[in-house]
Amino acid sequence: QTAKDQTLANLKSIIRNHSPFHAAQFTPFSQFPQGLPKGMITGLSSPLGGGATDFVVNLLKEYPNKRAAWIEPEQTVFPTALLQKGVGPHQVLFLQTENQSLWACHECLRSQLFDFVILNDLDLAEKDLRRLQMNAEKTGTTVLLLSHEP
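As the structure is a prediction and not an experimental result, all values here were calculated from the model.

A few words on the overall build of the protein chain. When helices and strands are tallied, the protein chain shows 6 helices and 7 strands. Overall, the protein chain shows an N-to-C arrangement of helices and strands of α-α-β-β-β-α-β-α-β-α-β-α-β. The buried share of the protein chain, reckoned over its 150 residues, is 36%. When contacts within the protein chain are restricted to residue pairs at least 6 apart in sequence, those whose partners lie at least 24 apart make up 68%. Counting only carbon and sulfur atoms, one obtains 55% of the accessible surface of the protein chain, whose full area is about 9400 Å².

All right, on to the environment of Ile 71 then. Looking at where Ile 71 falls in the secondary structure, it is placed in strand β4 (residues 68-72). Classification of Ile 71 as buried rests on a relative accessible area of 0%. Non-local contacts of Ile 71, meaning those with residues more than four positions away in its chain, are made with Leu 95, Thr 97, Ser 101, Ala 104, Cys 105, Cys 108, Val 117, Ile 118, Leu 119 and Asn 120.

The next point concerns the pairing of strand β7 (residues 142-147). Within β7, 5 of the 6 residues are buried, which leaves it mostly tucked inside the rest of the structure. The sheet contact formed by strand β3 (residues 41-45) and β7 spans 5 bridges and is parallel. Considered in β7, the bridge of Ile 41 is made with Val 143. In this sheet, β7 lies alongside strand β6 (residues 116-120) in parallel orientation, the contact comprising 5 bridges. Bridging from a neighbouring strand, Val 117 pairs with Val 143 of β7. In the classification by handedness, the crossover that spans β6, the intervening helix α6 (residues 126-139) and the parallel β7 is right-handed.

Rules used throughout
Residues numbered from 1 in each chain as written. Predicted model: local features only at pLDDT ≥ 70, side-chain atom pairs only at ≥ 80, totals over all residues. Heavy atoms only, no water. Helix = DSSP H or I, 4+ residues; strand = E, 2+ residues; numbered from the N terminus. Buried < 20%, exposed > 50% of the residue type's maximum accessible area, 1.4 Å probe, protein only. Contact = heavy atoms within 4.5 Å. Areas by Shrake-Rupley, 256 points an atom, 1.4 Å probe, with all protein chains shown as cover. Pairing = 2+ DSSP bridges. Right-handed = clockwise from strand over helix to strand, strands pointing away.

Here is the structure:
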């Protein structure tokens with residue numbers, strides 16, 4: 001091996017071992033074999049009615065003792081529907097926030113009361129995503145961004 005190849009191999013090793021994804025802890029989940037990373041943002045994109053909401057519902061069913069904040073500008077998920085699918089009413093706080101969804105998300109993260117924070121149909125700027133990621137890392141909370149656009 002040349003010195004250049006050795007240097008490149010060393011850099012790859014450093015990057016691999018210092019990646020935030022490498023250091024993340026994961027919440028096991030039957031529908032996601034790798035698990036969901038704690039303290040990170042996970043994006044779920046599907047067409048309307050395509051399964052992103054069911055994914056989250058199944059996650060909450062697997063963890064009946066974990067709490068979630070479900071944040072969206074206008075309410076699209078109805079609590080009784082989740083109850084019918086086996087999610088307890090004590091598990092989810094629904095927040096209809098109009099144009100204050102990002103602020104509500106940061107407050108939920110800051111409170112450290114929730115294991116999962118779900119944001120539905122928000123178009124976030126890169127700066128907002130970075131700030132959200134930093135808060136998720138700080139609190140160890142899994143943030144799920146649901147989108148109905150690819």
